[in-house]
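Residue strings, one per chain:
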Amino acid sequence: MNSYRILDANINRTSEGLRVIEDIMRFNYCNKGTTEKLKKIRHGLRKNFKEFNDEMIFHRDSLKDVGLKISQSTTLDNKHSINELLTANFKRVSESLRVIEEISKIIDEYDKSKLVEKIRFQVYEIEKEVSSKFIKQVIPFGLYGITCERFSNGKSNIECVKQMVDAGVKIIQYRDKNSEIEKKLREAEQISKICKSNGVVFIVNDHIDIALAVDADGVHIGQNDFSIQFAKSLLGPYKIIGRSTHSPEQAEKAVTEGADYIGVGPIFKTTTKDTAPVSLKYLEYAVKNIKIPFITIGGIKEHNLDEVLSYGADRVALVSEVVGAKNIKEKAISINSKILEKNN
Ligand code: TZP
Ligand code: MG
């Protein structure tokens with residue numbers, strides 16, 4: 001086994017990945033703290049494997065690397081935004097650190113392996129920091145989960161969120177129109193933690209202050225709430241702003257004002273929200289004309305989901321149908337897979 005060749009490739013890979021992130025933090029975001037941390041890790045790693053330098057260079061054979069041909073013949077690694085660059089390079093760094101960690105064990109360098117494991121966990125923490133401050137999350141396809149204690153048959157909002165997250169739902173909105181603000185803050189804090197540790201996007205309905213306090217990924221605001229511009233001025237450029245819309249005019253306005261996604265609905269009659277249904281005609285309009293993500297919502301149940309999907313909806317919110325189900329997890333799995341399969 002050519003351990004030193006693997007070690008060499010992965011130390012280079014880690015350093016290069018760290019350098020890309022470091023330079024983005026340094027020159028694009030002028031963020032001294034993160035730049036310093038990354039630089040320290042990069043230098044520390046090199047220093048710890050310095051004694052193998054000669055051995056590694058001896059085993060290096062870049063021109064005969066079969067991976068180069070594969071990489072040259074694909075465009076899968078193309079990137080279009082700083083977000084994508086950061087995400088891909090964090091992934092590259094943690095993966096290559098893991099390889100160094102494992103290879104170190106078989107060359108009898110267990111202590112070094114443990115040290116690299118520690119570095120890997122430091123990188124995870126930095127990724128978390130960078131992603132909450134500088135990366136705007138994308139709106140995932142599939143079921144958009146929303147809390148609603150009024151329909152959850154005694155289950156708490158937290159319990160509902162846990163089950164939806166367990167089901168693989170990738171975006172959760174905390175919506176509670178009735179509770180005291182203290183309770184909302186406490187619940188939002190807990191849901192934020194659940195979402196962060198499961199890679200789920202977290203949106204707070206109505207409350208920009210709560211979204212900020214719990215470091216949510218964004219807010220959802222209705223037609224009678226704050227303006228999108230005001231929300232942006234408080235939340236900065238890396239938080240998601242979603243806007244409810246009930247007509248093509250409102251949709252176009254939200255897009256012009258810079259919403260990251262819009263709600264399209266209520267499609268059918270619903271008792272969850274006091275707004276008249278807009279019918280599938282508005283969904284048809286959105287599919288044809290709206291170029292940002294939109295969430296189809298309102299009166300949607302498992303029995304009419306196929307109809308909604310046949311119009312081209314790719315992100316759908318079913319509120320009472322999911323939180324009111326006997327088994328929320330099973331219901332969410334079933335609905336989410338239908339939406340995702342239809343859009344595959
Ligand atoms: N916005 C438009 S309709 C609606 C919201 C929040 C409620 C949808 O709830 P349900 O139970 O899925 O009809
Ligand atoms: Mg609102």
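Calculation notes
Counting starts from 1 at the beginning of each chain's written sequence and moves along it residue by residue. Think of it this way: whatever chain is written first is A, whatever ligand is written first is 1, and the rest follow in order. Thresholds applied to this predicted model are a pLDDT of at least 70 for local features of residues and 80 or more for the giving and counting of side-chain atom pairs; totals over whole chains, interfaces and linings are not thresholded and use all residues. To decide nearness, the C-beta atom of each residue is placed from the backbone, and the residue is near a molecule or strand if that atom lies within 6 Å of it. Three categories are distinguished: nonpolar for Ala, Val, Leu, Ile, Met, Phe, Trp, Tyr, Cys and Pro, charged for Asp, Glu, Lys and Arg, and polar for the others, with Gly belonging to the last. What we call a nonpolar core is a set of buried Ala, Val, Leu, Ile, Met, Phe, Trp, Tyr and Cys residues whose membership is set by joining through C-beta atoms within 7 Å. Partly exposed residues are those whose C-beta has more than 12 but fewer than 20 other C-beta atoms within 10 Å; 20 or more makes a residue buried and 12 or fewer makes it exposed, with C-beta atoms placed from the backbone. The contact rule is simple: place each C-beta atom from the backbone, and if two of them lie within 7 Å, those residues are in contact. In this text, helices come from DSSP runs of H or I with a minimum length of four residues, and strands from runs of E with a minimum of two, each type numbered from the N-terminal end. Each domain's limits were defined by an automated method or a database of domain assignments. Any helix carries an expected span of 1.5 Å times its number of residues minus one. Directions drawn from the helix axis to the C-beta atoms are what define this arc. Criterion used throughout: strands pair if DSSP finds at least two bridges between them. Axis definition: a line fitted to C-alpha atoms, limited for helices to the stretch in contact. Angles are taken between N-to-C directions and run from 0 to 180 degrees. Each angle gets one of four labels, with under 35 degrees taken as roughly parallel, over 145 as roughly antiparallel, 65 to 115 as roughly perpendicular, and the rest as oblique. Each crossing is labelled by how the near helix is turned from the far one, with a counterclockwise turn of less than a right angle marking it left-handed and a clockwise turn marking it right-handed.

On to the site of ligand 1, then. Around ligand 1 lies a shell of 15 residues, among which Thr270, Thr272, Gly298, Val319 and Ser320 are the nearest. Looking at the shell around ligand 1 residue by residue, the class counts come to 5 nonpolar, 8 polar and 2 charged.

Burial of nonpolar side chains together is a common tendency in soluble globular proteins. Within the largest apolar cluster, 61 residues are counted, with the highest numbers of intra-cluster contacts made by Met164, Val169, Ile172, Val316 and Val322. Here valine 322 is in contact with Gly145, Met164, Ile328, Lys331, Ala332 and Ile335, once residues within four sequence places are set aside. Within the second largest apolar cluster, 23 residues are counted, among which are Leu7, Ile11, Leu45 and Ile126.

On to the environment of glutamate 84. The residue glutamate 84 is located in helix 5 (residues 82-106) in this model. On the neighbour-count criterion, glutamate 84 (13 C-beta atoms within 10 Å) is partly exposed.

A word on the domain arrangement of the chain. Here the domain parsing of the chain yields domain 1 (3-134) and domain 2 (142-342). Between the C-alpha centres of domain 1 and domain 2 there is a distance of 37 Å.

Over its 15 residues, helix 15 (residues 328-342) runs 21 Å from end to end, which matches the ideal 21 Å to within 8%, given 1.5 Å per residue. Within the sequence span of helix 15, burial applies to Ile328, Lys331, Ala332, Ile335, Asn336 and Ile339. On an axial view of helix 15, the arc spanned by its buried residues comes to 120°, and they lie on one face. For helix 15, the exposed residues lying more than 90 degrees away from the buried face are Glu330 and Glu341. In the core, the buried residues of helix 15 are packed alongside strand 1 (142-146), helix 7 (157-166), helix 13 (302-310), strand 8 (315-317) and helix 14 (320-323).

Residue glycine 265 is joined to proline 266 through a cis peptide bond whose omega torsion reads -5°. Looking at the secondary structure, you find proline 266 in the loop between strand 6 (261-264) and helix 12 (279-289). In this model, cysteine 30 sits at a positive phi of 50°, which is unusual for a non-glycine residue. Mapped onto the elements of the fold, cysteine 30 is located in the loop between helix 1 (3-28) and helix 2 (32-48). Owing to 8 C-beta atoms within 10 Å, cysteine 30 belongs among the exposed residues under this scheme. Phi at serine 279 takes a positive value of approximately 75°, unusual for a residue other than glycine. Of note, serine 279 is situated in helix 12.

Read around the barrel, 8 strands follow the order 1-2-3-4-5-6-7-8 and close on themselves; strand pairing throughout is parallel. Taking the axes of each pair of neighbouring strands and ignoring which way they run, one obtains an average angle of 25° across the sheet. Across 3 bridges, the pairing between strand 6 and strand 7 (residues 294-297) is parallel. By the bridge assignment for strand 7, isoleucine 262 is matched with phenylalanine 294. Sheet strands touched by helix 11 (residues 248-257): strand 5 (240-245) and strand 6. Its angle to strand 5, the strand with the most contacts, is close to 165°.

Two numbers describe how helix 13 lies on helix 15: the axes approach to 11 Å, and their chain directions differ by 15°. Overall, the two elements helix 13 and helix 15 adopt an arrangement that is roughly parallel. Crossing angle aside, the handedness with which helix 13 passes helix 15 is right-handed. Residue-level contacts link Glu302, Leu305 and Leu309 of helix 13 to Ser334, Ile335, Lys338, Ile339 and Lys342 of helix 15. Partitioning the contact of helix 13 with helix 15 into residue classes produces 4 nonpolar, 1 polar and 3 charged.

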